[in-house]
Amino acid sequence: MCDKTSIYIHIPFCVKKCVYCDFYSKTDLSLIPGYINALQKEIEKRSGLKDAIDTIYFGGGTPSLLSAKEVETLLQTIGDCFSVASDVEVTFEVNPGTVDLNYLRELKNVGINRLSIGVQSFNDDKLKFLNRIHTAGQARNAIDYAGKAGFDNISMDLIYGIPFETKTAWLKDLKTAVTLMPPHLSCYMLTIEPGTPLHEQLKKGVIRPLGTSDMTVMFKQTSQFLGEAGYDHYEISNFSKGRQNRSKHNSKYWDMIPYYGFGAAAHSYDKKTRSWNYRSIDAYIKDICSGRLPVEDRETLTSRQTMIEMIMLRLRTLEGLDLKKFTTLFCVSFETRFKDILDHVLESSFGSVKDGRFALTLEGRAHLDSIVEAFAEKIL
Ligand code: SF4
């Protein structure tokens, strides 16, 4: 591992499942204490005292189902096992249906310094359709409590492109979000994943998804509206008020910096190898209790895989791909290796090369998947 790395902690529990979600999580909350115990053991087993940690991220699932005491225990274990930087960013995902002012104050006291609030929408019908456990009122309260508890580093998650949603309705959500002035916003386009209740509804013809052109308009509308409101569109789904409010943790993913992932279904990456833990909480706990690491599998990335990944991740970002870094890493110039695709992207105004970086324009980012696919085909 290199000197500054990250830790992701997966908390795979939810009060109930949202219709669109394909993340691994369970609704049996009685498993939480045993799971926390197993998490501590995994952190201890994989401890790397020489590794400096500058970002920690509690994601889920619903981390806000943990007590502040449990969060404190996990942070203490990390502190005992790693060298945690004094300015570490510690992000915690909260579901508005699970928090009150007192809880957020407690989180602040145990060392959480950034909240990612799963608002999703300020429209109760939309929240109901998504099977969220909270109302728009609770979402507003959570944001209010976060401020009162002393959090100034707050991100809000929103989702758009659900079947009956109009562009006007989405814009209304964005306008409401902006009036609450979060320094960071994540706006995710709905994707209907196989295996989710929403996918079942789709198969039965109960819902009709929005078309690609509607989605593209909403994507651009989001970027334009938030841009006018002073947010940088620094990653395909992420917006921040200035560079200082970007997610440090996620920026490291897009920069392919190594990370430890702890917990069921968590992935880890050490620049050469990617490994992932068992998805099943039972299998995860069983392995830990038997003294084994709960790793289901691992793969060593080939140079081609790393190349595809780097292009895919960097083209998501505002700064794009550092061409010199690419040449150093792969011993070939990007412009030579991908001349045809690059020419096409530049001619179509889907991208530009400036200051040694290749980045996509907004129009290009709207076609990110097909552009990445073209690069991948050329590499494989
Ligand atoms: S709360 Fe989050 S993790 Fe849980 S089901 Fe809903 S979207 Fe998925």
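Residues numbered from 1 in each chain as written. Predicted model: local features only at pLDDT ≥ 70, side-chain atom pairs only at ≥ 80, totals over all residues. Heavy atoms only, no water.

If you look the chain up in an unreviewed UniProt entry, it shows as Heme chaperone HemW from Desulfobacula toluolica. Within the UniProt record for the chain, the comment given under Cofactor (unreviewed entry) is "[4Fe-4S] cluster". (UniProt positions renumbered as here; feature names shortened; annotations may be inferred.)

Draft legend 1. Fine view of the overall build of the chain. Assigned secondary structure in the chain consists of 16 helices and 15 strands. In summary, the chain has a C-alpha radius of gyration of 21 Å against a globular reference of 21 Å for 380 residues, a match within 12%. When its C-alpha atoms are laid out on the principal axes, the chain stretches across 55 × 50 × 45 Å. Classification of the 380 residues of the chain by burial places 52% in the buried group. Sequence-distant contacts, at least 24 apart, represent 71% of the contacts inside the chain between residues at least 6 apart. By element, 51% of the accessible surface of the chain is carried by carbon and sulfur atoms, the whole surface being about 17,200 Å². Averaged over its 47 positive side-chain charges, the chain has a centre that lies 0 Å from the centre of its 47 negative ones. (Helix = DSSP H or I, 4+ residues; strand = E, 2+ residues; numbered from the N terminus. Rg over C-alpha atoms; globule rule 2.2 N^0.38 Å. Buried < 20%, exposed > 50% of the residue type's maximum accessible area, 1.4 Å probe, protein only. Contact = heavy atoms within 4.5 Å. Areas by Shrake-Rupley, 256 points an atom, 1.4 Å probe, with all protein chains shown as cover. Lys, Arg positive; Asp, Glu negative; His and termini not counted. Charge placed at Lys NZ, Arg CZ, Asp CG, Glu CD.)

Draft legend 2. Here's a closer look at the domain arrangement of the chain. Partitioning the chain into structural domains gives domain 1 (4-254) and domain 2 (303-379). Computed from C-alpha atoms alone, the centre-to-centre distance between domain 1 and domain 2 is 28 Å. Taken together, the contacts link 14 residues of domain 1 with 11 residues of domain 2. Carbon and sulfur atoms make up 56% of the surface buried where domain 1 meets domain 2, a total of about 1,100 Å² over both sides. The largest share of the area that domain 1 buries against domain 2 comes from K220, I236 and W254, three residues that together contribute 43% of it. Across the domain 1-domain 2 interface, the total number found is four salt bridges. Residue R246 pairs with E319 through a salt bridge whose shortest N-O separation is 2.9 Å. Between the two partners, domain 1 and domain 2, sit eight residue pairs in polar contact (both at pLDDT 80 or more). (Domains from an automatic or database assignment. Buried area = accessible area lost by both parts, 1.4 Å probe. Salt bridge = Lys/Arg side-chain N within 4 Å of Asp/Glu carboxyl O. Polar contact = N/O pair within 3.5 Å; in protein donor to acceptor, adjacent residues only side chain to side chain.)

Draft legend 3. Focus on the packing of helix α11 (residues 303-314) against helix α12 (residues 323-330). At a closest axis distance of 11 Å, the pairing of α11 and α12 adopts a crossing angle of 170°. Considering the angle they form, α11 stands roughly antiparallel to α12. Residues S303, T306, M307, M310 and I311 of α11 lie in contact with α12, whose contacting residues are F326, L329 and F330. Here the residues of the contact of α11 with α12 are counted per class, giving six nonpolar, two polar and no charged. (Axes fitted to C-alpha atoms, helices over the stretch in contact; angles between N-to-C directions. Parallel < 35°, antiparallel > 145°, perpendicular 65-115°, else oblique. Nonpolar A, V, L, I, M, F, W, Y, C, P; charged D, E, K, R; others polar.)

Draft legend 4. Region of the structure containing the site of the ligand. Near the ligand you find C14, K16, K17, C18, Y20, C21, G60, G61, T62, N95 and R132, and these make up its full shell. Residue composition of the shell around the ligand, grouped by class: four nonpolar, four polar and three charged. (Near = heavy atom within 4 Å.)

Draft legend 5. Spatial organisation of the pattern of salt bridges. Scanning the model with the defined rule gives 19 salt bridges in all. Two residues, D255 and R314, come together in a salt bridge whose shortest N-O distance is 3.5 Å. With D255 in the loop between α9 (248-254) and β9 (259-262) and R314 in helix α11, this pair connects stretches of sequence that are 59 residues apart. Residue D255 is classed as partly exposed on the basis of its relative accessible area of 33%. Where salt bridges share partners, they join K126, E165 and D173 into one cluster.

Draft legend 6. Quick look at the packing of helix α2 (residues 68-81) against helix α3 (residues 101-110). One way to put it is that α2 packs onto α3 with a least axis distance of 9 Å and a crossing angle of 15°. As far as their axial angle goes, α3 and α2 are roughly parallel. Remark: the crossing between α2 and α3 carries right-handed chirality. Mapping the contact onto sequence places A68, V71, E72 and L75 in α2 and Y103, E106, L107 and V110 in α3. The class makeup of the residues in the contact of α2 with α3 is six nonpolar, no polar and two charged. (Left-handed = near helix turned anticlockwise from the far one by under 90°.)

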